[in-house]
Each structure stands twice: as structure tokens, then as C-alpha cells.
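# Analysis of the macromolecular model
So the chains spell out like this:
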Amino acid sequence: MRKLALILFLFTAVFISSAGETNYVCVVCGKGPLSGRIWISKWGAVCDDCYKLENHCSLCGLPIRDGDGSVKTGDGRFICKFDQPNAVLDVAGAREVFTDTRRELVGMFGRSFALNFPDVTVNLFDVDYWSELGRSDGLHKFGFASTRRTPKGDCTHEVVLLSGRLRNEIAATAAHEYTHLWINENRLAGHVIDSDTIEAICELSTYKLMESRSQPEQPILDNPYTHGEIKKLVALEKENGIGYVLNWVKNGTAATLGTQASALAAPVRTPVIAFTNVPPPLPETLKLSGLLLDGQSRHAIINGVSFATGDVKNVSLRSRPVRIRCREISRAGVVLEVENQPGQLTLKISEEKFVP
Ligand SMILES: [Zn+2]
Ligand SMILES: [Zn+2]
């Protein structure tokens with residue numbers, strides 16, 4: 001089980017203002033050349049009318065306009081025309097990603113990481129499906145793996161993946177779920193493994209896959225849902241190799257990796273299918289992602305929260321919410337006061353600062 005929050009509004013735009021015409025064209029509606037308020041997204045300029053649109057791409061946050069080439073998933077998520085070519089929207093695409101991921105992992109970890117019962121049914125579902133299964137805590141599950149043993153001892157495997165995500169994100173989840181299947185097949189009957197350790201071993205596969213694809217691995221390490229076990233495992237793997245970890249799953253007796261003594265402690269009961277929540281790592285820092293300067297009207301977007309001069313609002317950081325007063329907004333950035341912190345904090349555009 002791999003679970004993260006679906007963040008719907010990732011759109012961070014930098015506002016620029018121009019008195020005359022520019023050579024910018026809006027990537028959403030095609031209007032241009034633009035003048036006045038212009039927003040710069042990762043895909044290019046967005047006009048002020050499009051910036052105010054209600055619907056956004058569920059992957060990048062770009063505003064969505066009717067007939068702009070975007071698509072809509074069955075459960076109502078929009079995917080912009082730029083993300084659409086890399087998004088997995090049908091089961092054939094999901095199976096392809098799963099097969100590629102599995103091949104890559106076996107290539108990296110060796111033949112012993114192949115499944116003895118190689119048939120895996122891969123399906124793709126939307127958010128509604130997950131919501132029915134899970135808790136209504138605003139989190140969506142990204143994947144799910146299960147193995148059933150027939151009375152003869154054969155295994156039948158199934159993996160379910162969430163639709164409408166980027167190929168690389170689906171691959172990260174596929175690596176995790178494939179590892180669940182492999183553990184289900186390979187751990188000794190009666191070997192009780194701590195559920196954080198199981199999830200961490202599955203995340204280790206994701207980590208190794210992202211590393212070999214030169215994709216950022218840091219979010220995997222920062223994700224708190226294995227309660228830090230992933231960091232221990234990455235270190236253990238660096239020192240002893242993946243074979244050590246896989247061999248432990250097959251032959252170990254302890255509940256956690258690396259400490260045989262913990263086998264003597266009360267074992268943690270682990271269901272065959274581990275359900276684990278993966279809350280998104282909240283930012284640890286304050287970031288100024290957007291500025292709107294239009295005559296007397298000035299707004300700053302800090303960690304997705306819009307501030308006018310004088311506003312006092314809460315911003316959620318990883319460890320805690322912080323209460324912030326916005327003292328000053330200018331082209332150079334913002335001046336803030338953080339509750340219970342002495343002095344003032346200045347942020348320039350795209351700059352991040354840690355709050356002690
Ligand atoms: Zn537009
Ligand atoms: Zn998008």
C-alpha cells in the first residue's frame with residue numbers, strides 16, 4: 001500500500017506586470033501578445049483571466065479552460081494538455097509501466113527478485129474507488145497489492161494503481177507494490193515483520209528505482225510514514241547490498257531488520273496486506289512562490305497561502321502550524337513576522353527559509 005495526499009493546486013506562478021505589450025502568449029487560452037498582469041507557470045505565460053479560472057490540473061495546478069486540450073478523469077480530476085501525454089489514464093498504460101518497473105527492479109536486484117508465480121493482475125482505479133475502501137481523511141491511496149494463496153500453495157497476485165498520475169509517479173508506486181508481492185511470496189511462514197519495516201523495504205525499491213532513473217529520491221527519505229525506517233534501510237543497503245535485505249526477508253526471524261534482539265520483544269502483528277498512510281511531507285520551510293503587484297493591490301503567496309500587507313494567517317509546516325503577519329510586500333519580496341519569533345523574516349521570490 002502506498003498512500004500520499006493528492007495535492008490539487010501545485011500551480012505556483014510568478015507575477016510580472018507590464019505597461020505595454022509583451023511577446024507573451026497565454027498557454028491556456030492562446031490569447032496574446034499579453035500586457036498588464038501576466039503569470040508565469042512552468043509551461044509558460046498565463047493571462048490574468050485564465051489565472052482566475054476555477055478548475056486546475058490535478059498534476060501541475062495549471063488553470064483549465066473548456067476546449068484547451070485538457071482531459072478529465074472519470075472521477076472529475078483535470079489533467080492539462082501538457083501533462084496529458086505523460087499521464088497514465090488507461091489500464092494498458094498502467095500495465096506497461098508496471099511491467100517496465102518490474103523488469104528494471106529484477107535487473108537491478110537480480111533474478112532472486114523475480115516472482116515464483118509471475119502472473120500479476122494489474123488494474124487502474126480512480127479516487128472514488130479508493131474513497132470507498134479507505135478513510136475519508138483527505139488522503140488518496142496511490143496503490144495497493146494483495147496476494148492470495150490457493151490451498152495448493154500457489155500465489156495469485158493483484159496490484160491496483162490510481163489513475164491520472166504521471167508515468168514516473170506510477171512507476172514509483174509500482175516498485176513499492178511489486179515489492180509487497182515479492183515479500184508475500186518469500187517471507188517464511190510465521191516470520192512476523194514489523195509493518196514499518198515492510199513498508200520501508202517496499203520504499204527501498206522505490207528509492208533504488210528513482211536513483212537509477214536519476215529522479216529525486218529525497219522525498220522518499222523525507223516521507224514520514226515508515227517512521228524513519230526507510231533512512232535506516234537505505235544506510236543498511238549501502239553498507240551490505242540489497243542481497244542482505246532480501247536474504248533477511250527470506251531467512252530472518254526478527255521483526256525488524258538489523259537487530260536480532262528485537263525478535264525477543266513482543267512481535268508486532270502484521271496483516272498480510274499492510275495498510276499504511278503516507279501523508280505528504282509538508283514543507284519545512286517558508287517559501288514565497290508568487291507576487292502580485294498591481295498599483296495599490298499587492299499580494300504575496302507564501303506556501304500556497306495568499307497574503308495582503310497586514311494579513312495574519314496560519315501556514316502549515318511539517319512540524320507545526322505557524323502564525324504569520326505580512327508586514328510588507330514589494331517587488332523585492334516580503335517582510336514577515338512569525339509569531340513567537342523575534343525579529344523579522346524577509347523572503348525573495350522563490351526563496352525558501354527555515355523557521356526555527
Ligand atoms: Zn488565457
Ligand atoms: Zn498539468
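Everything numeric in this text was worked out from a predicted model, so none of it was measured. (Residues numbered from 1 in each chain as written. Chains lettered and ligands numbered in written order. Predicted model: local features only at pLDDT ≥ 70, side-chain atom pairs only at ≥ 80, totals over all residues. Heavy atoms only, no water.)

### Focus on the environment of Gly61
Rule in force here: Segments assigned H or I by DSSP are reported as helices when at least four residues long, segments assigned E as strands when at least two residues long, and all are numbered from the N terminus. A 1.4 Å probe rolled over the protein chains alone gives each residue an accessible area, and that area as a share of the maximum for its type sets the label: buried under 20%, exposed over 50%, partly exposed in between.
Mapped onto the secondary structure, Gly61 falls in the loop between helix H1 (48–51) and strand S5 (71–72). Among the residues examined, Gly61 registers a relative accessible area of 0% and is labelled buried. Between the alpha carbons of Gly61 and Ser41 there is a distance of 9.2 Å; along the sequence they are 20 residues apart.

### Things to note about the coordination of the zinc ion (ligand 2)
Rules: Any N, O or S atom lying within 2.8 Å of the metal counts as a donor, with the limit raised to 3.2 Å for Na, K and Ca; because water is left out of the atom set, some sites can appear incomplete. Angular criteria define each label, namely tetrahedral for four donors with all angles between 85 and 135 degrees, square planar for four and octahedral for six donors with opposite donors over 155 degrees apart and remaining angles between 65 and 115, and irregular for whatever fails these tests.
For the zinc ion (ligand 2), every protein donor is listed as Cys57 (SG), Cys60 (SG), Cys80 (SG) and Asp83 (OD), and the spread of their distances is 2.1 to 2.3 Å. Coordination at the zinc ion (ligand 2) is tetrahedral, judged from the four donor atoms that bind it and the angles of 103 to 114 degrees they form at the metal. In primary-sequence terms, the residues that donate to the zinc ion (ligand 2) follow C-x2-C-x19-C-x2-D. Of this pair, Cys60 sits in the loop between H1 and S5 while Cys80 sits in the loop between strand S6 (78–79) and strand S7 (87–88), and the two are 20 residues apart along the sequence.

### A short note on the confidence of the model for the protein
The following threshold applies: On a scale of 0 to 100, pLDDT captures the predictor's confidence in every residue. Contacts: residue pairs with any heavy atoms within 4.5 Å of one another.
Taken over all residues, the pLDDT of the protein has a mean of 79, while the share at 70 or more is 79%. Element-level mean pLDDT values for the protein span from 42 in strand S1 (residues 2–4) up to 96 in helix H2 (residues 91–109). Taken together, the stretch residues 2–10 has pLDDT below 50 and engages in 44 contacts with residues farther than four places along the chain or on a different chain. Overall, residues 259–280 carries pLDDT values under 50, and its contacts beyond four positions in sequence, including any with other chains, amount to 58 contacts.

### As for the coordination of the zinc ion (ligand 1)
Protein coordination of the zinc ion (ligand 1) is provided by Cys26 (SG), Cys29 (SG), Cys47 (SG) and Cys50 (SG), with donor distances spanning 2.2 to 2.4 Å. Bound by four donor atoms, the zinc ion (ligand 1) shows angles of 101 to 115 degrees at the metal and therefore tetrahedral coordination geometry. Here the donor residues of the zinc ion (ligand 1) are spaced in sequence according to C-x2-C-x17-C-x2-C. Taken together, the positions of Cys29 in the loop between strand S2 (14–18) and strand S3 (36–41) and Cys50 in helix H1 put the pair 21 residues apart, joining distant regions of the chain.

### Some points on the sheet that holds strand S16 (residues 321–330)
Put simply, the rule reads: Strands qualify as paired when DSSP identifies two bridges or more between them. Note on geometry: axes are C-alpha line fits, over the in-contact stretch for helices, and angles between N-to-C directions span 0 to 180 degrees.
Taken in spatial order, the four strands of this open sheet run S15-S16-S17-S18, and their pairing is antiparallel. At either margin of the open sheet sits one strand with a lone partner, and together these are strand S15 (312–316) and strand S18 (345–347). Shown here is a sheet whose adjacent strand axes are inclined to one another by a mean of 40 degrees, direction ignored. When S16 meets strand S17 (residues 333–338), the two strands line up antiparallel, connected through six bridges. The residue bridging Cys326 from the neighbouring strand is Leu336, located in S17.

### Let's talk about the pairing of strand S8 (residues 120–125)
It is a general feature of regular strands that their side chains alternate between the two faces of the sheet. Only one face of S8 is buried: it carries Val120, Val122 and Leu124, and the other face, with Thr121, Asn123 and Phe125, is open. Bridge count for S8 against strand S10 (residues 155–162) is six bridges, and the pairing is parallel. Paired with Thr121 across the bridge in S10 is Glu158.

### Some details on helix H8 (residues 242–251)
Three- or four-residue spacings in an α-helix give side chains the same orientation, since the helix completes a turn every 3.6 residues. Stated formally: As used here, the arc belongs to the directions running from the helix axis to the C-beta atoms.
Buried within H8 are the following residues: Ile242, Val245, Leu246, Trp248 and Val249. Around the axis of H8, the buried residues are gathered within 155 degrees of arc, so they sit on the same side.

### Structural notes on the pattern of salt bridges
It is possible for side chains bearing opposite charge to pair when their charged atoms get close. To keep it simple, the criterion reads: We define a salt bridge as a contact between a side-chain nitrogen of Lys or Arg and a carboxyl oxygen of Asp or Glu at a distance within 4 Å.
Scanning all chains against the criterion turns up 13 salt bridges. Ionic pairing is found between Asp100 and Arg103, a salt bridge with its closest N-O pair at 3.4 Å. Note that Asp100 and Arg103 are positioned in helix H2 at a spacing of three residues, about one turn of the helix. Assessed through its relative accessible area of 55%, Arg103 is described here as exposed.

### A short note on the nonpolar core
This is how it is decided: Here, nonpolar core refers to any group of buried Ala, Val, Leu, Ile, Met, Phe, Trp, Tyr and Cys residues whose side-chain atoms link them within 4.5 Å.
Core analysis: the largest hydrophobic core is formed by 46 residues, its most contacted members being Phe98 and Ile201. Those elements that provide at least two residues to this core are H2, S8, S10, helix H4 (167–186), helix H5 (195–212), helix H6 (218–222), helix H7 (229–240) and H8. Take this core: its biggest share by element is nine residues, from H4. Aside from chain neighbours lying at most four places away, what touches Ile201 is Thr179, Ile183, Leu233, Val245, Trp248, Val249 and Leu257. If you look at the next biggest cluster of nonpolar residues, it comprises 20 residues, including Ile38, Leu59, Ile79 and Ile301.

### Overview of the pairing of S3
Of the pairings in the sheet, the one linking S3 to strand S4 (residues 44–47) comprises four bridges and is antiparallel in character. Pairing of Ser41 across the sheet is with Gly44, part of S4. Between S3 and the antiparallel strand that follows it, S4, lie two residues.

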